[in-house]
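# An overview of the molecular structure
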Amino acid sequence: MAGHSDVELQAALDAADVYSSQPDDQAPADEWEKWMELQGAASTVAGCVQTVVAGGQLDRKAVAEAGLLFDGLHRMGWHQEETAAWCRVRDLLLSR
């Protein structure tokens, strides 16, 4: 198997997943929109991690598309630690 171990991949997923708290009720609409987009992309990537760890085929296109959102939000300065953590998961998946 090329790339990173399943243990390392699962650890990166667990580290990224700790950031999933939603904005408060008073947050601006664009904050909620970004959060919802991130949750959708994160869900896609998390599903891909679970598939790969279970021995299934990696959906590289789905991971790459989700990664574009992570990159965009990171460049915008939105939740830097969270988006960086999801970029790490994406990078580990795509290095397999």
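The rules behind these values
- Residues numbered from 1 in each chain as written.
- Predicted model: local features only at pLDDT ≥ 70, side-chain atom pairs only at ≥ 80, totals over all residues.
- Heavy atoms only, no water.
- Core = buried A, V, L, I, M, F, W, Y, C linked by side-chain atoms within 4.5 Å.
- Buried < 20%, exposed > 50% of the residue type's maximum accessible area, 1.4 Å probe, protein only.
- Helix = DSSP H or I, 4+ residues; strand = E, 2+ residues; numbered from the N terminus.
- Contact = heavy atoms within 4.5 Å.

Among the nonpolar cores identified, the biggest contains 24 residues, and V45, F70, W86, V89 and L93 are the most heavily contacted of them. Put simply, the parts of the chain that give this core at least two residues each are helix 1 (6-17), helix 2 (29-53), helix 3 (60-75) and helix 4 (80-94). It is helix 2 that contributes the most residues to this core, 8 residues altogether. Leaving out residues up to four positions away in the same chain, L93 has contacts with L9, V45, C48, V49, V52, L58, R60 and V63.

Now for the environment of L94. Here L94 shows up in helix 4. Spatially, the C-alpha atoms of L94 and V45 are 11 Å apart, while their sequence positions differ by 49 residues. Other than its neighbours up to four places away in sequence, L94 contacts R60, V63 and A64.

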